[in-house]
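# Architecture and fold: a report
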Amino acid sequence: MNKKDIAQIRKQFKKENDLLKISSIFNVYITKESSEIYHHVSQPFEMLDAEQQELFFNNFKKLLGGNLDEKLFELKFNRNAENNSQLILHQGLLASDTENWKERMLQMVGKMLLNRQYEKDIVITFIKGEYYKPTKRKNDEAEISERDAVYSFPFILCSINNTQEPKKELLFDYVEKEFKYNFVVDPVINLNAPIGGFLFPCFSDNAADVNHILYSAGKVHEPDYEFIVDVLNGEEIMTAKDDKIVFEEIIKDVTQDQLNTSTLSNVYEEINRMIEENEEEEHPRLDSKDVERVLKASGVEDISVEKVESAFQKVIDDDKYEIKASSVVPKYNSKSIKIDTKVAKISISPQDLRYVKQVQLSGKRYLMIEVEEDTVIEGFTMIPEAFGEKANN
């Protein structure tokens, strides 16, 4: 799935939407002390009152929020895994009766509780639904409605949520004119911050892809690897953060950690151009040949494919590994690069990095920023000062 596919289905979670039909909702309550099922209940989603539906819609949208490879991860199933989740979920998707559907979802809950101790009571929510996507774009002038022909995508979505201890409060009774202590025993289910979940199957090119599942982590850059491998039976993943670290280490090895800001700016510019030129490709990737080409185009000297392949082998033990280009470049049109020094913190965009230089003067290092206009500090316009001697090589 790409970010457009995810955004499309995410925005369907709203009331009175004929492009989304949720047939069943299945809630399972797990106690932290025993890590066992305390209670579960299944019912038609339409039987929930409007306020409850709204709470769950917001929960599902939060689950599917975030960027790919940061909070959302498309996983390929490991078909050799025992008690394979792909088969369980596919059987649940095809189940025609409620009992069969519940049985498959309880199998997934069993996998979640195996060798796992949660810190709080949790509620696991499953929904079974169908998402309809018009085959044509909206045309106000056409006589035929865009919804007369649609793609149909049955799906299962799972959201895992913590519970919170109820608040102890002091109330004032207007009628009795007295202060009262109020304590609610029932735990509160925190639907505002799901701690994990998934969407099955993935959707790509207007078709369902049952060989992949979309996993959602509770926090950015913090996927639950045990959940991915043991519960979902997904193959190992590399996060965007991991990819960026691998790229940085490879560049450091190839350049012997000698890179100035102008060259780094050129590197980002080359990779960003590659991303823009391959907009139709979902995830443009950089192999060793691409990295070598980018470095040469950026002005790095004495670069060869052999040297780059050797760096790949050292850093990730795989000279055929491909790095997602989008993971490498900071957000290009925003001040996404943070320069943190002892005396100042500066934010700058990748395309403006070329105007920043580290220079040496009288044995001291300085951060120099090229500007086209006068610098104003607290309403005072600074006067230019003479810049001194050239640093020794």
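Here we summarise the structure given alongside this text.

About the criteria used
- Residues numbered from 1 in each chain as written.
- Predicted model: local features only at pLDDT ≥ 70, side-chain atom pairs only at ≥ 80, totals over all residues.
- Heavy atoms only, no water.
- Helix = DSSP H or I, 4+ residues; strand = E, 2+ residues; numbered from the N terminus.
- Rg over C-alpha atoms; globule rule 2.2 N^0.38 Å.
- Contact = heavy atoms within 4.5 Å.
- Polar contact = N/O pair within 3.5 Å; in protein donor to acceptor, adjacent residues only side chain to side chain.
- Axes fitted to C-alpha atoms, helices over the stretch in contact; angles between N-to-C directions.
- Parallel < 35°, antiparallel > 145°, perpendicular 65-115°, else oblique.
- Left-handed = near helix turned anticlockwise from the far one by under 90°.
- Nonpolar A, V, L, I, M, F, W, Y, C, P; charged D, E, K, R; others polar.
- Buried < 20%, exposed > 50% of the residue type's maximum accessible area, 1.4 Å probe, protein only.
- Pairing = 2+ DSSP bridges.

Attention now goes to the overall build of the protein chain. Helix and strand content of the protein chain: 10 helices and 20 strands. Here the protein chain has a C-alpha radius of gyration of 27 Å; the compact-globule value for 393 residues is 21 Å, and the former is much larger. Its C-alpha atoms put the protein chain at 80 × 65 × 60 Å along the principal axes. Taking all contacts inside the protein chain whose residues are at least 6 apart in sequence as the whole, residues at least 24 apart take part in 64%.

Attention shifts here to the side chain of Asp 243. Topologically, Asp 243 is positioned in helix α6 (residues 240-255). A distance of 3.2 Å separates a polar atom in the side chain of Asp 243 from the backbone nitrogen of Lys 324. With near-sequence residues (within four places) excluded, Asp 243 lies in contact with Met 238, Tyr 321, Ile 323, Lys 324 and Ser 327.

With their axes 9 Å apart at the nearest point, α6 and helix α9 (residues 305-316) run at an angle of 130° to one another. Considered as vectors, α6 and α9 are oriented oblique to each other. Handedness of the crossing formed by α6 with α9: right-handed. Mapping the contact onto sequence places Val 246, Glu 249, Ile 250, Asp 253 and Val 254 in α6 and Lys 307, Val 308, Ala 311, Phe 312, Lys 314, Val 315 and Ile 316 in α9. Here the contact of α6 with α9 is built from residues that sort into eight nonpolar, no polar and four charged.

Before going further, it helps to spend a moment on unusual backbone geometry. A cis amide bond links Phe 200 with the next residue in sequence, Pro 201, at an omega value of -5°. The phi dihedral of Asp 69 is positive, around 70°, even though this residue is not glycine. Along the polypeptide, Asp 69 turns up in the loop between α2 (50-63) and β3 (72-76). A positive phi angle, close to 60°, is found at Asn 233, a residue other than glycine. By the element assignment, Asn 233 lies in the loop between α5 (225-231) and α6. Asn 233 sits in the buried class, given a relative accessible area of 5%.

This part takes up the pairing of strand β18 (residues 364-369). Summarising the sheet, strand β17 (residues 356-361) and β18 pair through six bridges and their orientation is antiparallel. Residue Val 359 lies in a different strand from β18, and its bridge partner there is Tyr 366. What sits between β17 and β18 in their antiparallel hairpin is a turn of two residues, with Ser 362 showing a positive phi close to 55°.

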